[in-house]
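The chain contents come next:
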Amino acid sequence: MDFLKAEIERKKRQIQEKNVLQPQKKYFKRGDLAAVQEAEYLSKYGPNKEDIEDLERKKNEALEEKGSIEINDALYPLPREEVVRRLRDKLEPIIMFGETEDQANLRMRALEIGEPDGARLRASHNNFQEALKSVDKQYLKAVQREDSAGDKQKLELKLYTTNKTWSELLELAHGLRRGDHKHDEMVISEWIKVIMTMWGHELNSRHEEEKMNVKGRMDAATFTQTKGYVKPLLKMLRKNQLTDDIRDSLSNMVRYIMQRDYILANEKYMEMAIGNAPWPIGVTNAGIHARPGRERIFSKHVAHVLNDESQRKYIQGLKRLMTKCQQYFVTDPSRSVDYIRVEKSYGGDAYEPEEPTERTVEFTTAKEPEVEPTVGGLASKD
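Along every chain, residues carry numbers that run from 1 in the direction the sequence is written. With the structure being a predicted model, the display of local features is reserved for residues of pLDDT at least 70 and the display and counting of side-chain atom pairs for 80 or more, all residues being used for whole-chain, interface and lining totals. Only hydrogens and water are removed before side-chain values are computed, so all heavy atoms of the structure are retained for them.

1. Overview of the packing of aromatic side chains
Here the aromatic set is Phe, Tyr and Trp, taking the six-membered ring for Trp, and pairing holds for ring centres within 6.5 Å; pairs whose planes are under 30 degrees apart are stacked, those over 60 apart are edge-to-face, and all others are tilted. The final tally for this structure, using the stated rule, is 3 aromatic pairs. Arranged with centres 5.0 Å apart and planes meeting at 45°, the rings of tyrosine 41 and tyrosine 45 form a pair that is tilted. On the criterion of helical spacing, the pair formed by tyrosine 41 and tyrosine 45 is a turn pair, its members being 4 residues apart in helix H2 (residues 30-45). Overall, tyrosine 45 belongs to the exposed group, its relative accessible area being 54%. Judged by centre distance (3.8 Å) and plane angle (10°), the ring pair of tryptophan 166 and phenylalanine 329 falls under stacked. Of this pair, tryptophan 166 sits in helix H8 (residues 166-172) while phenylalanine 329 sits in the loop between helix H15 (309-328) and strand S1 (374-375), and the two are 163 residues apart along the sequence. Accessible area is worked out with a 1.4 Å probe on protein chains only. A residue is then buried under 20% of its type maximum, exposed over 50%, and partly exposed in between. Given the relative accessible area of 11%, tryptophan 166 is considered buried. Numbered from the N terminus, helices here are DSSP runs of H or I no shorter than four residues, and strands are runs of E no shorter than two.

What follows is the structure, encoded as structure tokens:
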């Protein structure tokens, strides 16, 4: 009994020391006592107030420095609607707790730059439809503007910047496949830029009515889509990250294109795209016994179009560039793939076959005269 009285007295003394009981009340809330105990604990074991102020100051300085950095590229700054659309395409939150719209734009930019080549493939992702929507938005803005110069500038497609010409590329092509990998990658990269630039100039030189119709918009969307497809390839060429088998196939393909032998170039392209191995997906361990076709099973003969989505895209873009190159630099039909005669050529004269002559064929129901019998080559006489 004495123990219980002592405990009650201790509790009363503790309540008086904590000062949680109001003068006119005989009870107090349990939460008030817990708040007082928490404050005492933080004052004894928690961080110092000076340290917290110092961390806040450093955080504000870092945010100011980050906000003062000027980024001049196509990913920053972007309209809020575009940032939301791109983040949703990547299945990322459009905004995080405590994040501003500017920080969300920077986060989207970091995701775009650091996105791996094997990006997640979504069934609802239609690149051509997105490219067509982008072209439609540009044309809509051009129509809404009143300045004619601004309209013309808006209707033009963005091109690559290159200081090489086709004649210079022909000189550089002689050094392909000589063991200099950097030279091969430079020639491949410049070939892509030159063909894309010529294609863009061809589209920009069209009349405004031709640009605005359905076919013109689809051609511009195809150009925009191809430009996005070959972007990862140009990045790997610039950073010397291209694998040896892909570099070997591309250098062979570009060399034959420079020689205007599009049949052999198409064969090298098909070897790179679908390969000629017995097992296109790649089988490295076919058994313990040696097989006749086992020496042909290595990465060069494996179908690279099956590797990831990024490779499939730039391989498809390379096929479009090969087709455009055959249109611009025409050769004889025996070295062309699906030959179609064109009117103009950027290098050399177009192949012009002989014009067909018209012939008139008469159909009649009259009975043909019978051939007279002959004897020894002479007609018989009556």
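2. Concerning the pattern of salt bridges
Whenever a carboxyl oxygen of Asp or Glu lies within 4 Å of a side-chain nitrogen of Lys or Arg, that contact is scored as a salt bridge. Taken as a whole, this structure holds 15 salt bridges when the rule is applied. A salt bridge links arginine 177 to aspartate 248; the nearest nitrogen and oxygen atoms lie 1.9 Å apart. Here aspartate 248 lies in helix H13 (residues 244-258) and arginine 177 lies in the loop between H8 and helix H9 (181-204), a separation of 71 residues in the sequence. Shared partners join several salt bridges into a network, and the residues in it are Glu82, Arg85, Arg86, Asp89, Lys90 and Glu112.

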